[in-house]
Structures are given as structure tokens and as C-alpha cells.
Amino acid sequence: MELDFERCYRAVDSRDQRFDGWFYTGVTSTGIYCRPSCPAITPKRKNVRFFPSAAAAQGAGLRACRRCRPDAAPGSPLWDVRADVVGRAMRLIADGVVDRDGVPGLASRLGYTERHLHRMLSAEMGAGPLALARAQRAQTARILIETTDLAMAEIAFAAGFGSVRQFNDTLREVYASAPSDLRAARGRQQAPVGAGTIALRLAYRPPLHARALLDFLALRALPGVEEVRDGTYHRGLRLPHGTGQVALTPADGHVAATLRLADLRDLAPAVARCRRLLDLDADPAAIDATLADDSALAPAVAAEPGIRVPRAVDGFELAVRAIIGQQVAITSAKTTLIRLLTAHQHVDHEVIATDAGVSGQQLHDQRGKRGDLRGFLGAEELLQVPDSGFGMPVGRREALRGLARAVVDGSVDLAPGVDREDAVRRLLALPGIGPWTANYLAMRAFGDPDVLLSSDLAVRRGAAALGLPDTPTTLDRYAERWRPWRSYATIRLWRAA
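Read on for an overview of the structure. (Residues numbered from 1 in each chain as written. Predicted model: local features only at pLDDT ≥ 70, side-chain atom pairs only at ≥ 80, totals over all residues. Heavy atoms only, no water.)

1. Digging into the sheet that holds strand S7 (residues 232-239)
Stated precisely, the cut-off is as follows: DSSP bridges decide pairing: two strands pair if at least two such bridges lie between them. We count a stretch as a helix when DSSP gives it H or I for four or more residues in a row; a strand needs E for two or more, and each element gets its number in order from the N terminus. Inter-axis angles, ranging from 0 to 180 degrees, are taken between N-to-C directions of lines fitted to C-alpha atoms, where helices are fitted over the stretch in contact. Here, residues are in contact when the closest pair of their heavy atoms is within 4.5 Å.
Overall, antiparallel pairing links the five strands, which are arranged S5-S9-S8-S7-S6 in an open sheet. A strand with exactly one partner marks an edge of an open sheet, and here the two such strands are strand S5 (197-203) and strand S6 (226-229). Taking the axes of each pair of neighbouring strands and ignoring which way they run, one obtains an average angle of 25° across the sheet. Taken together, the four bridges between S6 and S7 define a ladder with antiparallel strand orientation. When the sheet's bridge partners are listed, valine 228 is paired in S7 with tyrosine 233. Packed onto the sheet, helix H12 (residues 267-278) meets S5, S7, strand S8 (242-251) and strand S9 (254-261) and runs at close to 140° relative to S9.

2. Brief notes about the packing of helix H4 (residues 85-94) against helix H6 (residues 114-125)
Applied cut-off: Angle categories are assigned with fixed cut-offs, so that under 35 degrees is roughly parallel, over 145 is roughly antiparallel, 65 to 115 is roughly perpendicular, and the rest are oblique. Classification used: nonpolar for Ala, Val, Leu, Ile, Met, Phe, Trp, Tyr, Cys and Pro, charged for Asp, Glu, Lys and Arg, polar for all others including Gly.
One can describe the packing of H4 onto H6 by two numbers: an axis separation of 10 Å at closest approach and a directional angle of 95°. Compared by their axis directions, H4 and H6 come out roughly perpendicular. On H6, the residues touching Val85, Val86, Ala89, Met90 and Ile93 of H4 are Leu117, Met120, Leu121, Glu124 and Met125. In the contact of H4 with H6, the residues fall into nine nonpolar, no polar and one charged.

3. Some details on the packing of aromatic side chains
The test is simple: When the centres of two rings from Phe, Tyr and Trp lie within 6.5 Å, Trp using its six-membered ring, the rings pair. Their planes under 30 degrees apart give stacked, over 60 give edge-to-face, and anything left gives tilted. Burial status follows relative accessibility: with a 1.4 Å probe on protein chains alone, a residue under 20% of its type maximum counts as buried, one over 50% as exposed, and anything between as partly exposed.
Summed over the entire model, instances satisfying the criterion amount to eleven aromatic pairs. On the basis of an interplanar angle of 10° and a centroid distance of 5.9 Å, the ring pair of phenylalanine 5 and tyrosine 9 is categorised as stacked. Linking phenylalanine 5 with tyrosine 9, this pair stays in helix H1 (residues 5-13), spanning four residues, or about one helical turn. Overall, the relative accessible area of 11% leaves tyrosine 9 in the buried class. Judged by centre distance (6.0 Å) and plane angle (75°), the rings of tryptophan 485 and tyrosine 488 are edge-to-face. Taken together, the ring pairs connect Phe5, Tyr9, Phe19, Phe23 and Phe50 into an aromatic cluster.

4. Comments concerning the packing of helix H13 (residues 284-292) against helix H24 (residues 486-496)
For clarity, the threshold we go by: By convention the crossing between two helices is left-handed if the near helix lies anticlockwise of the far one by an angle smaller than a right angle, and right-handed if it lies clockwise.
Across the interface, H13 lies against H24 with an axial gap of 10 Å and an inter-helix angle of 70°. With respect to H24, the element H13 is oriented roughly perpendicular. Seen from above, H13 lies across H24 with right-handed handedness. Two secondary-structure elements touch here, H13 through Ile287, Asp288 and Leu291 and H24 through Tyr488, Ala489 and Arg492. Taken together, the residues of the contact of H13 with H24 break down into four nonpolar, no polar and two charged.

5. Quick word on the pattern of salt bridges
Heads up, the rule is: The salt bridge definition used is simple: a Lys or Arg side-chain nitrogen within 4 Å of an Asp or Glu carboxyl oxygen.
Inspection of every chain in the model, using the stated rule, returns 35 salt bridges. Ionic pairing is found between arginine 321 and glutamate 226, a salt bridge with its closest N-O pair at 2.3 Å. Placement of arginine 321 in helix H15 (residues 315-324) and of glutamate 226 in strand S6 is noted, with a sequence separation of 95 residues between them. Residue classification places arginine 321 among the buried residues on the basis of a relative accessible area of 15%. Overall, glutamate 226 belongs to the buried group, its relative accessible area being 6%. Here aspartate 387 and arginine 397 are joined by a salt bridge, their closest N and O atoms 3.8 Å apart.

6. Concerning the state of the cysteines
The term disulfide refers to a covalent linkage connecting the sulfur atoms of a pair of cysteines. Threshold: Cysteine sulfurs are considered disulfide-paired once they come within 2.5 Å of each other.
Inspection of every chain in the model, using the stated rule, returns zero disulfides. With no disulfide partner, cysteine 8 has as its closest neighbouring cysteine sulfur the one in cysteine 34, 14 Å distant.

7. Comments concerning the sheet that holds strand S2 (residues 32-34)
Pairing is mixed across the open sheet formed by four strands, whose spatial order is S3-S1-S2-S4. Edge strands, defined here as strands with exactly one partner in the open sheet, are strand S3 (48-51) and strand S4 (63-64). As judged from the three bridges shared by strand S1 (residues 24-27) and S2, these two strands associate in the antiparallel manner. Note on S2: the bridge partner recorded for threonine 25 is cysteine 34.

8. Here's the deal with the nonpolar core
Defined as follows: For our purposes a nonpolar core is just a set of buried Ala, Val, Leu, Ile, Met, Phe, Trp, Tyr and Cys residues, chained together by side-chain atoms within 4.5 Å.
Leu248, Leu259, Leu427 and Trp482 are the most contacted members of the largest nonpolar core, which totals 118 residues. Ranked by size, the runner-up nonpolar core spans 22 residues in total, among them Trp79, Met90, Leu121 and Ala135.

9. Thoughts on the side chain of glutamate 317
The topology assignment puts glutamate 317 in helix H15. The exposure class assigned to glutamate 317 is buried, which follows from its relative accessible area of 5%. Apart from residues no more than four positions distant in its own chain, glutamate 317 is found in contact with Arg235 and Phe376.

10. Here's the deal with the side chain of arginine 91
Assignment of secondary structure puts arginine 91 in helix H4. The exposure class of arginine 91 is buried, given its relative accessible area of 11%. Every residue in contact with arginine 91, bar those within four places of it in the chain, is listed here: Trp79, Asp80, Arg82, Ala83, Pro416, Gly417 and Arg420.

11. Digging into the pairing of S9
Pairing analysis gives seven bridges linking S5 to S9, with the strands arranged antiparallel. Of the residues in S9, the one forming a bridge with isoleucine 198 is leucine 259. Pairing analysis gives eight bridges linking S8 to S9, with the strands arranged antiparallel. Within S9, the residue paired with alanine 247 across the bridge is threonine 258.

12. Focus: the environment of glycine 75
Structurally, glycine 75 can be placed in the loop between S4 and helix H3 (77-81). For glycine 75, a relative accessible area of 24% puts it in the partly exposed group. Separated by 206 residues in sequence, glycine 75 and aspartate 281 place their C-alpha atoms 5.2 Å apart. In this structure, glycine 75 is in contact with Gly21, Arg205, Arg275 and Asp281, ignoring residues within four places of it in sequence.

13. Let's talk about unusual backbone geometry
In the segment running from proline 206 into proline 207, the intervening peptide bond is cis, with an omega of 0°. By the element assignment, proline 207 lies in the loop between S5 and helix H11 (210-219). The step from arginine 483 to proline 484 runs through a cis peptide bond, and the omega angle for that step is 0°. In this structure, proline 484 sits in the loop between helix H23 (472-478) and H24. Backbone geometry places arginine 15, a non-glycine residue, at a positive phi of 55°. Within the secondary structure layout, arginine 15 lies in the loop between H1 and S1. A positive phi angle, near 60°, is found at aspartate 279, a position not held by glycine.

Read these as geometric descriptors, not functional statements.
Here is the structure:
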């Protein structure tokens, strides 16, 4: 990725927070790299280099600035938006695929050889997949060092390092500090109470319309899975190595996140999924500027800047919700989903209770007293639910089972790094899944920023309320002016309905 020196230097000189995560500033005279918004004195031009990623700066022998914490900057909106191989790779690396499956696993998911993938990432990011994953491991390790009282050896393996020596060497190289020094620097701040509990801040580019996000999630919240309480969103998570729970509280300049994880190796994917859920890597200034050019949307943009697209922590969960929600009210869809989850938990309770020697009702009561939130059921678990647990027409029930079978056998991939166009084609080939459902998943599960659900009744009502064309064909033609942010226009039309 080419970086224009003059434009980047102007952003650094003005300490423009909007560019945090877009690029990193390397200062050769001090040997550090920073965010563009770093409050330190602007370095001289002759001492500055710009890098497209933290890994590229680290590869040039620079260490992270202790003042602006560049590794905690929001992610680049480029990789959040782009649907090409590099964008997909960046999303999968953030989700921990390299740590779990190695570079061969990442290359296989993307359909390229390891050599070609390395060449593409190096050209765009200034670093290959291993270096990018290494930079993420260093950040994960720093978070665990500063927010937990775990032993350093435990942190090393939880962060994805292959050995304690590798862990020590990497942190000294990236932060110019030994792990023990990083812990000492946190002072008297105590780690959160409870094993596996981590508190951290998720940065975003302002503005963020937090109330719109919480309203959207609260309206669709499923008891036992998620809830919105006192301005905080709580939910259960299904993660690669186990389960987890998260509490997300929007604040000024960041979202406070408290994570409880069964396995600390899931920290990086949990953070990536929370960021994705709240669309924290978006560039609201660019989005709002495009939409505000339309006089029909301009008042709404001015009144509610920073509207995000609520996304998903689990593609399969969203697909089930979308199929059940086809052509029914949100309250009706929630009732059906609750019935499905109750039926699954009944089956699950009976299996576990038999193994544990207690009744299913006793187990249910125990879980209810703890107030634990569970992740949504997976594809294999849905296939275990009997016909009576679905509470819906046969066609829709079989559509759900067909989707679950396709996910289990790998013919449909709902992961964040999926090829969006290919995923939509595969979804449309399944019985019971039409264009609305596939496009809804493209917008919320796959992160496509340019989807307009023009056939959606609420979207059409919102368009009519704003004096816009309200038939699918005419609205599609009109919405060409909103490219490439039609997903964000969809959210605004829903709010106008």
C-alpha cells in the first residue's frame, strides 16, 4: 500500500485522530513508531518514515511508543471494508487463524499458496502473515500482563507464543521492555477479580452513536444469550477454544470491555469479534460525508453522527436469526428463537445431567442462579433439536437444517474472512434462502459496507418518511449516490421508519 508522504505528514503535524490505524509513523532518530495523533513533538521530516502496519514498523527495527500506544489504535477501515484477499486475510489474522492453524491454514482458507499470500501481504502491509500475527501476539501479551496476575509462562502460551523465550524476545523487541517491566509499570492497579477476567479499552474513531447501537441490540436481545442493562451490552460467546462472556460499555473515545474467558487463548478472537459487532473500525467521517451530500439524509446525519452497522460475533447465529426473521415481526422472531434455544437447552441439559447424575431441571436452576449468558447454539447442536423444538413451518425448519448441514460439511462458510460474493452465491443455492436473507448476512455477518435492502418493508417505510422513492427498483436507482456506504444508509432508513 502506497502512503503519500505529504498527506501523512500533515496528519501527524495536526495530530489528527481520524488517521489512527490507517498508518504508523516511524521516527528513525528515536527508534520508535507512533500513532498519527501522538502528542509528542512532531518529528523532523528527514527522520520520519510511514508504515501501513505495526508489523511493518516492527520489521524495520522500531519499538512501540509508550506514550500513544500505537498497538491499541483502531484497526484500519481499509481492511474492514475491502473484500479482496488482503482484506480477508487481515480479518482472519485478527480472528486468530494463524495462531490456531498456522500460515498453511490461513492460505488454505483463502485459496492461495503460502508463497503468493506472503507476497500479497508484504506488498500491501509491509509484512507477511507471520509478522502480522506476531504483532498481534505481542499486543495480546501486553494486555494480559497489564490486566491479569497470571504467571508470565501462562501469558506466553495464552497469547499464542510457542515458547517463553520467544515471548520474552518479542516483547523486548516490540516494547523495549522485559515482560516484568511492563507489569511493574502498571503500578498498584489491581487485576480484575476472577480467573479469566480481563478489562480493556476498545478504541474507535469518533463519533460513535452508541445509543443507536444499544437500541438495535436491545430490541433483538435473546434471554440467556444477551441483554442490555444500564447502558452496557452483555452477551455470551462461542469461541475457538471454549466459551466466554463480555460486557461492553460505550464511553468517550473507547468502549470499555470486560471479558470472562474459559480459555485465555481466546482473547484475540474475542476482541476481534467485539470490535466487529460494534463496527468499531469504521471511518464515520468518510461515511457521514458521503451520505450528508444527499439533502434527504443530511438532517439525519447532522442529528445522529456516527451511526454504525451492528454486525455479529457469530455468522451462523445471524444466519439462523435472519431465516427465522424472514417476513415476520421482530417480536415474533424472538419468540421463535427463544423456543428453539429452550428446546436445545433441554436436550443439552438431559445429556449433561445424565453424565453428571442430576436432573435437567436442577441443572437449569443452577445455571439460572449464576446468571450466566451462553453463546448461541452451533450448527451441529441445531441438528440435534427435534421437530417439536422449532415452532415454525416445515419449509423454514428444513431451511435451517439445510443451512446447518452446509456449515457442518464446509460447503457454506460464514466466517469473517469469507469471500463475500461467493458466500452469497452459496447461500442463495440453499432452499429457503432468498436475496433478502443473503444480502442481510452480507451486510451484518460479512461486513459488506455497500448493501441496500431495498425490498425490506422497514427500509421502504423509512425511505417514504424521508420523501425518497419507496419501491425497490426506484430506491435502488436513487441509492447509487450512497455508494460505497449503502449499508449505513440502510441503518439510517430503518431508524427513520
